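# Working through the structure, step by step
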Amino acid sequence: MESPCYPCVRGKFLLTVGFIAMIMANSQENPGKQFKMTVRNELTKDVTLFWEEEIDQYRHEVGLVKSHGGEAIFDAFAGHVFSYVHKEERHFVEAPADAEEHFVVLNANEEDILVRCSTTAKGREEPERLIDFHVRPNWSPRGAARFLSLIRHKHYDGVAINRVVKNFLTQFGIPSNPETRLELGSLEFQDDPNVGIPFVPGMLSFAGNGKNSRTTEVFVVMPDCIHLSSFGKEPWETPFGFVGSFEESVVTDWYDGYGDMPPDGNGPDPQKIYPENGYEYLEKEFPKMDYINECIVIKDFLDEEL
């Protein structure tokens with residue numbers, strides 16, 4: 001099996017632009033702190049990134065950032081301003097003053113990126129119900145970027161909704177393919193800074209078990225959550241989106257009869273899902289468990305149709 005490339009998306013490549021450091025250093029007397037800045041483009045068109053040089057009032061072209069999740073990594077300096085044009089409007093991005101490194105998602109003024117999934121419901125009695133996830137990169141840019149990459153690589157297609165705990169959370173994201181489970185389980189990514197977005201029912205976040213431990217598993221905060229105050233205390237728990245029309249959504253119809261994972265309930269043991277026969281274990285021991293059928297990034301689909 002060919003290894004998936006992260007953060008490559010649909011053949012888009014990782015663009016590294018190092019020469020910008022020389023331009024910046026030579027163009028300002030006090031360039032400030034230098035660090036690596038990753039720019040991800042979640043728009044449906046490629047964009048050209050520019051550095052807005054303040055002293056000479058000059059706009060320097062940095063390079064092209066490919067669409068649909070393409071990324072560029074380059075040297076930046078604290079406080080520098082960058083720009084790009086989308087739909088004939090120029091948008092600006094400022095490099096932070098106190099960063100060791102920075103990750104930013106270009107999404108123009110489009111706050112949400114809509115992901116639509118079909119799932120089973122009511123213990124698979126209903127074969128297809130739709131659910132919309134509204135992804136907000138400004139809440140958790142790395143989390144949003146990883147979720148969208150996994151969606152585009154189809155890694156959530158066919159996954160079990162393996163932890164459904166009423167009045168607490170629902171968790172999913174362990175890939176159905178054993179080789180993919182093994183590979184993605186080691187692709188941990190960095191935590192996002194907490195920007196103060198409080199957890200409420202319907203919020204989406206990656207699960208984790210330590211600093212910079214997020215991989216593929218995601219949880220949804222359930223209605224009437226009795227442990228709401230416990231969310232967000234760990235560095236990996238930063239919401240990156242929410243369920244649309246939450247109260248009317250399918251989340252309350254996902255089968256919850258198995259309860260939490262051991263030892264708190266009779267649900268699946270995640271350690272038994274990750275081995276090669278993990279999904280056979282689920283099918284045999286938990287026949288009423290619901291599954292995600294398929295997920296797409298809506299604007300990708302619309303762009304292809306157009």
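Use the structure listed above.
Scope of this entry: the structure provided in the associated data block. (Residues numbered from 1 in each chain as written. Predicted model: local features only at pLDDT ≥ 70, side-chain atom pairs only at ≥ 80, totals over all residues. Heavy atoms only, no water.)

### Points about the nonpolar core
Judged by nonpolar contacts, the single largest core of 43 residues is most densely connected at Val-115, Phe-133, Phe-147, Tyr-156 and Leu-282. Only strand S9 (113–121), strand S10 (126–135), helix H2 (141–152), strand S13 (203–206), strand S14 (218–221), helix H5 (278–285) and strand S16 (292–297) provide two or more residues apiece to this core. Broken down by element, the residue count for this core peaks at five residues, all from H2. In contact with Phe-133, not counting residues within four places along its chain, are Ile-113, Leu-114, Val-115, Cys-117, Phe-147, Phe-172, Leu-204, Phe-242 and Val-243. In this structure, Leu-49, Ala-76, Tyr-84 and Val-93 belong to the second largest nonpolar core, which totals 19 residues. (Core = buried A, V, L, I, M, F, W, Y, C linked by side-chain atoms within 4.5 Å. Buried < 20%, exposed > 50% of the residue type's maximum accessible area, 1.4 Å probe, protein only. Helix = DSSP H or I, 4+ residues; strand = E, 2+ residues; numbered from the N terminus. Contact = heavy atoms within 4.5 Å.)

### Here's the deal with the side chain of Ser-67
On the secondary structure map, Ser-67 appears in the loop between strand S4 (58–65) and strand S5 (70–77). For Ser-67, the side chain forms a polar contact with the side chain of His-68, separated by 2.8 Å. (Polar contact = N/O pair within 3.5 Å; in protein donor to acceptor, adjacent residues only side chain to side chain.)

### Remarks on the pattern of salt bridges
Side chains that differ in sign of charge can pair as their charged atoms come close. Considering all chains together, one arrives at 21 salt bridges under this definition. Residues Lys-66 and Asp-46 are paired through a salt bridge, measuring 3.1 Å at the closest nitrogen-oxygen approach. Of the two residues, Lys-66 is situated in the loop between S4 and S5 and Asp-46 in the loop between strand S2 (34–41) and strand S3 (47–53); the sequence distance between them amounts to 20 residues. Note that Arg-59 is salt-bridged to Glu-52, the shortest N-O span being 2.6 Å. Glu-52 gets classed as buried once you look at its relative accessible area, which sits at 17%. (Salt bridge = Lys/Arg side-chain N within 4 Å of Asp/Glu carboxyl O.)

### As for the state of the cysteines
In this structure the tally under the stated criterion is one disulfide. Here Cys-117 pairs with Cys-295 through a disulfide, and the sulfurs are 2.1 Å apart. As the torsion about the S-S bond is roughly 110°, the Cys-117-Cys-295 disulfide counts as right-handed. You can see Cys-117 sitting in strand S9 and its partner Cys-295 sitting in strand S16, a full 178 residues away along the chain. Of the two residues, Cys-117 and Cys-295, both sit in the buried class. (Disulfide = S-S within 2.5 Å.)

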